[in-house]
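# Structural description and commentary
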Amino acid sequence: MKNDNKKGFYFKQYEAPFQSPFDKLFGIFKELITHTSGDFDEAIDWLRELDKEYKLTDEHYTIDDFIEDLKKKGYIRDELKEDGTSGIIITSKTERAIRQQALDNIFGNLKRSGSGNHKTKHSGNGDEHTGEFREFHFGDGLERISLTESLRNAQINNGVESFMLTENDLVVEETQFKSQMSTVLMIDISHSMILYGEDRITPAKKVAMALAELITTRYPKDTLDILVFGNDAWTIAIKDLPYLKVGPFHTNTVAGLQLAMDILRRKRNTNKQIFMITDGKPSCVREKDGSYYMNSNGLDEYIVDKCYSQAQQARKLHIPITTFMIANDPYLQQFVNRFTEANQGKAFYTGLKGLGEMIFEDYETNRKKRIK
């Protein structure tokens, strides 16, 4: 008898999933609009150049058709500029789409959670199941008893023929408390973030947008404040992230840390943290009289000592600082090491590749801690 049941692997040529002409161009457009800091005209110019080289469109669907669809779908709108001329800007719908793409690209298609909280290391009468079991103790709620595991124990202990369920057979599933976290993300916007032919600000923006999307969708009870620091430090709204640009600034790390701690002092959450993305040494502080002391030559002892003092102050407030250093100069790493030691925080020495994954993993890890 012939046996047609064959086992093994079947290989075929890869077929890309179907994308409409609009969806294909929209994915590229979202990437370009991030690089151009929200400049629609520049992003479209780039898209037209890419179309010439890679034949992204055809006679049935052109770049002009794509622009019309962007308007119809509410991703762009006409606006009158200050000089009286009309122009096109992106809408809040596009800003949200950019954040979601950043999240998908950096952190991988994360499943959203409606609960919006994170675990701590403490087990007890919490509200999130851990998958681990222990024996039943007096005072445990009946709703916490695992019926399946308890019946299994009863069968093992007493047999099927003389089946009976006793207190000794009962087990409960461990749960964990959910904690809330307040995070301040500091982004260096000094001029060095675009020096030496390397764009460092765009990856930093993507990380900020992805982290914002992660927290607002998966952990809505957590808080995220974003600040930028150059000669001074100031907060920016999540919606303004796509438009973030560097400036002709020095690096006033002290001002950024002071503002971050001021923000976190006002938060009622027990768990607080600071994430800092920077590529350069601190080179500026603002004096009490409002003047600036600046020195870009090496590590200025006066400036770095003020940074160490801020790190120690954050430690006293139980605010850990995680520094993501996207430069590899040995003397800068020495500064970050001392800074991290003063705060008892963490430091990651990374290039631009993998920056988002590092920040996400550290955010998730910190969610499982309870800062006392």
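Residues numbered from 1 in each chain as written. Predicted model: local features only at pLDDT ≥ 70, side-chain atom pairs only at ≥ 80, totals over all residues. Heavy atoms only, no water.

Moving on: the overall build of the chain. Of the regular secondary structure elements, the chain holds ten helices and 13 strands. Considering the chain as a whole, with its 372 residues, one finds that 44% of them fall into the buried category. Expressed as a percentage of contacts within the chain between residues at least 6 apart in sequence, the contacts between residues at least 24 apart total 70%. Of the roughly 21200 Å² of accessible surface on the chain, 49% is carried by carbon and sulfur atoms. (Helix = DSSP H or I, 4+ residues; strand = E, 2+ residues; numbered from the N terminus. Buried < 20%, exposed > 50% of the residue type's maximum accessible area, 1.4 Å probe, protein only. Contact = heavy atoms within 4.5 Å. Areas by Shrake-Rupley, 256 points an atom, 1.4 Å probe, with all protein chains shown as cover.)

The next subject is empty space enclosed by the protein. The tally for this structure, following the rule as stated, stands at two cavities of 30 Å³ or more. By volume, the largest cavity is sized at about 70 Å³. What lines the largest cavity is Lys30, Glu31, Thr34, Ile98, Gln101, Ala102, Asn105, Ile106, Lys206 and Met209. Contributions of two or more residues to the lining of the largest cavity are made by helix 1 (21-35), helix 4 (92-107) and helix 6 (201-218). With five residues, helix 4 is the single largest residue contributor to the lining of the largest cavity. In this structure, the second largest cavity encloses a volume near 60 Å³. What lines the second largest cavity is simply Thr253, Met276, Thr278, Gly280, Pro282, Thr323, Met325, Phe335, Val336 and Phe339. (1 Å grid on protein atoms, 1.4 Å probe; cavity = no way out; pocket = protein on both sides within 12 Å on 5 of 7 lines; lining within 4 Å. Points joined across faces, edges and corners; volume = space filled by probe spheres on them.)

Now for a negative patch on the surface. Judged by side-chain charge, Asp39, Asp41, Glu42 and Asp45 come together as a negatively charged surface patch. Mapping Asp41 onto the fold places it in helix 2 (residues 40-54). (Patch = residues over 30% accessible without salt bridge, like charges linked within 9 Å, V, L, I, M, F, W, Y side chains within 5 Å. Salt bridge = Lys/Arg side-chain N within 4 Å of Asp/Glu carboxyl O. Lys, Arg positive; Asp, Glu negative; His and termini not counted. Charge placed at Lys NZ, Arg CZ, Asp CG, Glu CD.)

In terms of residue burial, strand 9 (residues 271-278) counts as a mostly covered element, since eight of its eight residues are buried. Here strand 9 shows a buried face lined by Asn271, Gln273, Phe275 and Ile277 and a second buried face lined by Lys272, Ile274, Met276 and Thr278. In terms of strand pairing, strand 6 (residues 181-188) meets strand 9 through seven bridges, oriented parallel. Each residue of the ladder has a partner; that of Met186, found in strand 9, is Met276. (Pairing = 2+ DSSP bridges.)

With that out of the way, let us pick up the environment of Leu47. Structurally, the position occupied by Leu47 is in helix 2. The sequence separation of Leu47 and Ile33 amounts to 14 residues, and the corresponding C-alpha distance is 9.9 Å.

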